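Overview (structure and organization)
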Amino acid sequence: MAVTSFQGRLGRSSLSTALIITRRELRDSLRDWRIIVPILILTLIFPFLMDFTATAARNFVLRYGGANAIIAERLNPFLLMIVGFFPISFSLVIALETFVGEKERNSLEPLLSMPISDGELYLGKMLSALLLPLGASYLGIVAYLTGLYVGQGWLPEIAVLSQVVLLTTAEALVMVSGAVVVSSQTTSVRAANLLASFIIIPMALLIQAESVLMFWGQDEVIWWIIAGLLVVDLILVRMGMRTFNREEILAKEMDDLNPKTIWRDFWGYFSSPPRLAAQRNHTASARFDLLRIYTHDIPTLLKTHGLPLAVVLMALAGASLLGVFYAARFPLPAGSIQLDNLPTDAFERLPNVEFLPHFSTTGIFFNNVRAVMLAAVLGIFSFGVLALILLMIPLAMVGFFTFEISLLGYNPWVFVMAFLLPHGMIELPAAIIGTAFALRIGAALVSPPMGLDVGQGFLLALANFCKIFVFLVIPLLLIAAFVEANLTPQIVLALYGGR
Amino acid sequence: MIETAGLTKQFGDFTAVDGIHLAVREGEVLALLGPNGAGKTTTVRMLASILKPTGGWARIAGYDTVRDAKVVRQLVGLLTEFPGLYLRMRALDYLDFFGQLQGLSRAQRSERSEYLLRRFELWDALDKRAGEYSKGMRQKLALVRAMLHDPQALFLDEPTSAMDPHSAKLVRDAILELRRDRRTVILCTHNLTEAELLADRIAIIRRGRILALGTPAELKARLLGDPVLELRLAGPLDGLLADLQGLVTIEDHGDTWLRYRTAEPDRINPRLVQRLAERGAPVVTLSEVPRSLEDVYLRIVNE
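Criteria and cut-off values
Residues numbered from 1 in each chain as written. Chains lettered and ligands numbered in written order. Predicted model: local features only at pLDDT ≥ 70, side-chain atom pairs only at ≥ 80, totals over all residues. Helix = DSSP H or I, 4+ residues; strand = E, 2+ residues; numbered from the N terminus. Buried ≥ 20, exposed ≤ 12 C-beta atoms within 10 Å, placed from the backbone. Contact = placed C-beta atoms within 7 Å. Rg over C-alpha atoms; globule rule 2.2 N^0.38 Å. Domains from an automatic or database assignment. Expected span 1.5 Å × (residues − 1). Nonpolar A, V, L, I, M, F, W, Y, C, P; charged D, E, K, R; others polar. Pairing = 2+ DSSP bridges. Axes fitted to C-alpha atoms, helices over the stretch in contact; angles between N-to-C directions. Parallel < 35°, antiparallel > 145°, perpendicular 65-115°, else oblique. Left-handed = near helix turned anticlockwise from the far one by under 90°. Right-handed = clockwise from strand over helix to strand, strands pointing away.

On to the overall build of chain A. A tally of regular secondary structure across chain A gives 19 helices and 0 strands. Looking at the 499 residues of chain A, the share that counts as buried comes to 41%. Pairs at least 24 apart in sequence give 81% of the contacts found in chain A among residues at least 6 apart.

And the structure:
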């Protein structure tokens, strides 16, 4: 086939292609006074207003001297962070406009027909949503610092300035990459704006936390927040690249956050054998068969979830070692734990401790069920990380106390055998399995199973979790709770009791 | 130029395109006709390498639409259902942007943009932003965008919708010119007259399947039967009908006129006229009764 004389050469780099898109979108944004006017105000007027506020507040606080000086000292970096943050809030608006707005105005399809990759398109649009607000933010920071230097002669330490710049950049990236994920679930700017609260609320909470830390002077924690934000950035960018592709964009002709459809898909995944449920086009429900669930579905699900199970096991091993490490570092005073001659009513007195569940089969059972369910919910909002942390805490405590016990001269193996093993050999596997499936729910948002989109992958993971939870975890937790409430105390008293 | 085999696209449990087999030659215009939701747009999106088939394959000029997606997107031009312009941009900036994405040089972009904008009478509106254009002008600019890189194959979704008759003719002429230049065109349209006028072949598609494929004449013959001819005489038909029964199938008649079908008009009509003349019944007119593509379309779609 002869190639036309007008056929272009596409030997350019991905960045060059992305920048073609970025340049056009930036020009488009610069033509829109609704974007430009607020950004100009936030860049050129707001910082000077903040200079005035900072100076006035500082002078006011310093009048009272003493310990108040620390407030004056930390006001400037705090306001520096605020000056940097306001302009980047526009990145969310621009991102929603550039991703879902284009889809709504039907101008995206001509772009999709161009010889560019999904990644180049994504990169071009990401940059266009980031550059203007970030540029405005950096300019605002410079303006604010110039004003402060002239007015107070104050300049921030390099570390503080780096923290604010990195925080601002990472937060902008979170908002833009989050907006892409939100955009992928909608076809209208209106619906996207409503869903954007999933970005705005966590960001608002984060800013509050950062503000407290700035006044508290916890620089180290802020570095950890920056690191955490960068991890979230990576996760969201990866999610965005998976969701922002031609297939996903064009397959959604309307907002399909339809409860009926969601329920139908969920039930289809829940009721079907795992391998059938994992097929992309499978949404039909299957006949409910309890025997099949126990003889086929659950073994298959456990086999196919080897990776999350391994991750949970490794995390728990790590948590236990961390507990041991802290026990070695902070040994308890001799005699602080008395295990010899436990009174026979030792377990009957436990319910008096308020934050612990009622020491009965039902009390322990419902507490453990709540914990696994909480792990699943937290897993959704944290890509599975919090589900893992929730289980790591008690294991770290186990490691801590077991080692402390050994330091206090008791046999740790006897301690484990008495206090943990009888119910733990049932409860721990149940919690590990529950957490592994909760972890998969969070991970499904970042990495849906092959052939499924993010929404389908999420529903499939949720359905798998529910199946395992209802038919395996709950029965195991019930047995474990019965053992813990009735058998464990007998064993403990038999080994340690005396009075 | 365009080949597909078992081309299928499923969205969840909905089958939008169901096993389409097509072969479109270089320089051929194929019209895709079908009701809304028939699968025309999804088919075109797969051919333009925007969507990946869930079954079967498609090739453009020998390039696989999945494996060689970038090359295919360079070889084809797509006019989408909606113009989808950037309303704050002017025509030249707009075309320059898409030309850059197509990898055209500055000179090529400039030359080609000017040629096409003049060709579609948009050159005088250079100082206007696309948002100030009429619907027809927007549609024409979208068509210019699709033709900018002089593609080997063009997929045009409703190219003349929202256009005034003059603009629609400009576009139709352009399509005919493309055919003369050996460009392959797939035309999705609801305008049956336009399809009949422009297309070499027509594919009628419903629920993702091609129900009929052929030239307009072939489709009419296949679906509406043998051509119907109308004959008018100078005098009454008295006694002549029985004489003609063996020769043709009479559909209807009046005092001085007659409608009949024949599978072989070239052979039968001269004999019929001769027989009538022998019986002293001179023929005034003999013509084929026009049968519209609409009849064919409705018949297929309603079945």
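From this point on, the discussion continues.
Scanning chain B for helices and strands turns up 11 helices and 14 strands. Here the C-alpha radius of gyration of chain B, 24 Å, is well above what a compact globule of 303 residues would show, namely 19 Å. Taken along its principal axes, the extent of the C-alpha atoms in chain B is 75 × 45 × 30 Å. Looking at chain B as a whole, 43% of its 303 residues qualify as buried. Nonlocal contacts in chain B, meaning residues at least 24 apart in sequence, comprise 67% of its contacts between residues at least 6 apart.

Turning our eyes to something else, we now look at the domain arrangement of chain B. Domain parsing of chain B yields domain 1 (2-214) and domain 2 (226-294). Averaged C-alpha coordinates put domain 1 of chain B and domain 2 of chain B at centres separated by 45 Å.

A word on the environment of proline 236 of chain B. Residue and element names in this part refer to chain B. Its location among the elements puts proline 236 in the loop between β11 (228-233) and α9 (241-244). You can call proline 236 exposed: it has 11 C-beta atoms within 10 Å. Proline 236 sits 19 residues away from aspartate 255 along the chain, and the two C-alpha atoms are 5.4 Å apart. When near neighbours in sequence (up to four residues on either side) are disregarded, proline 236 contacts Asp255 and Thr256.

What follows is about the domain arrangement of chain A. What the domain assignment lists for chain A is domain 1 (14-251) and domain 2 (259-496). Centre-to-centre, using C-alpha coordinates, domain 1 of chain A lies 38 Å away from domain 2 of chain A.

Looking now at helix α5 (residues 135-147) of chain B. Between its terminal C-alpha atoms α5 of chain B stretches 19 Å, which fits the 18 Å expected from 13 residues at 1.5 Å a residue. α5 of chain B sits mainly inside the fold: 11 of its 13 residues count as buried. Within α5 of chain B the residues assigned to the buried category are Met137, Arg138, Gln139, Lys140, Leu141, Ala142, Leu143, Val144, Arg145, Ala146 and Met147 of chain B. Next to the buried residues of α5 of chain B lie α4 (108-112) of chain A together with β6 (76-79), α3 (91-101), α4 (106-119), β7 (153-157) and α6 (165-180) of chain B.

Taken together, the contact between chain A and chain B spans 28 residues of the former and 34 residues of the latter. Among the elements of the structure, α1 (14-30), α4 and α10 (246-251) of chain A are those that each provide at least two residues to the side of chain A that touches chain B. The element that contributes the greatest number of residues to the side of chain A that touches chain B is α10 of chain A, accounting for 4 residues. For the side of chain A that touches chain B, the class distribution of residues is 12 nonpolar, 8 polar and 8 charged.

Before going further, it helps to spend a moment on the sheet that holds strand β14 (residues 283-288) of chain B. Strand-to-strand pairing in sheets goes through backbone hydrogen bonds, with the strands running parallel or antiparallel. Residue and element names in this part refer to chain B. One open sheet accounts for 4 strands, arranged β12-β13-β11-β14; its pairing is antiparallel. Edge positions in the sheet fall to β12 (249-253) and β14, since each of these pairs with one other strand and no more. Between one strand axis and the next, the sheet turns through 25° on average, direction left out of account.

To continue, consider the packing of α3 of chain B against α5 of chain B. Residues and elements named next belong to chain B. Put simply, α3 and α5 touch, their axes get as near as 10 Å, and they point 30° apart. With respect to each other, α3 and α5 are oriented roughly parallel. Here α3 and α5 pass one another in a crossing that is right-handed. Residue-level inspection shows Ala91, Tyr94, Leu95 and Phe98 of α3 in contact with α5, the latter providing Leu141, Val144 and Arg145. Taken together, the residues that form the contact of α3 with α5 break down as 6 nonpolar, no polar and 1 charged.

What follows deals with the pairing of β7 of chain B. Residue and element names in this part refer to chain B. Burial within β7 is extensive, with 5 of its 5 residues counted as buried. Two elements, β6 and β7, share 4 bridges in a ladder whose sense is parallel. Bridging across to β7, leucine 79 finds its partner in leucine 156. Of the strand pairs in this sheet, β7 and strand β8 (residues 184-188) are connected by 5 bridges, and their pairing is parallel. Each bridged residue has a counterpart across the sheet, and for leucine 154 the counterpart in β8 is valine 185. Regarding topology, α6 serves as the crossover connection from β7 to the parallel β8, and that connection is right-handed.

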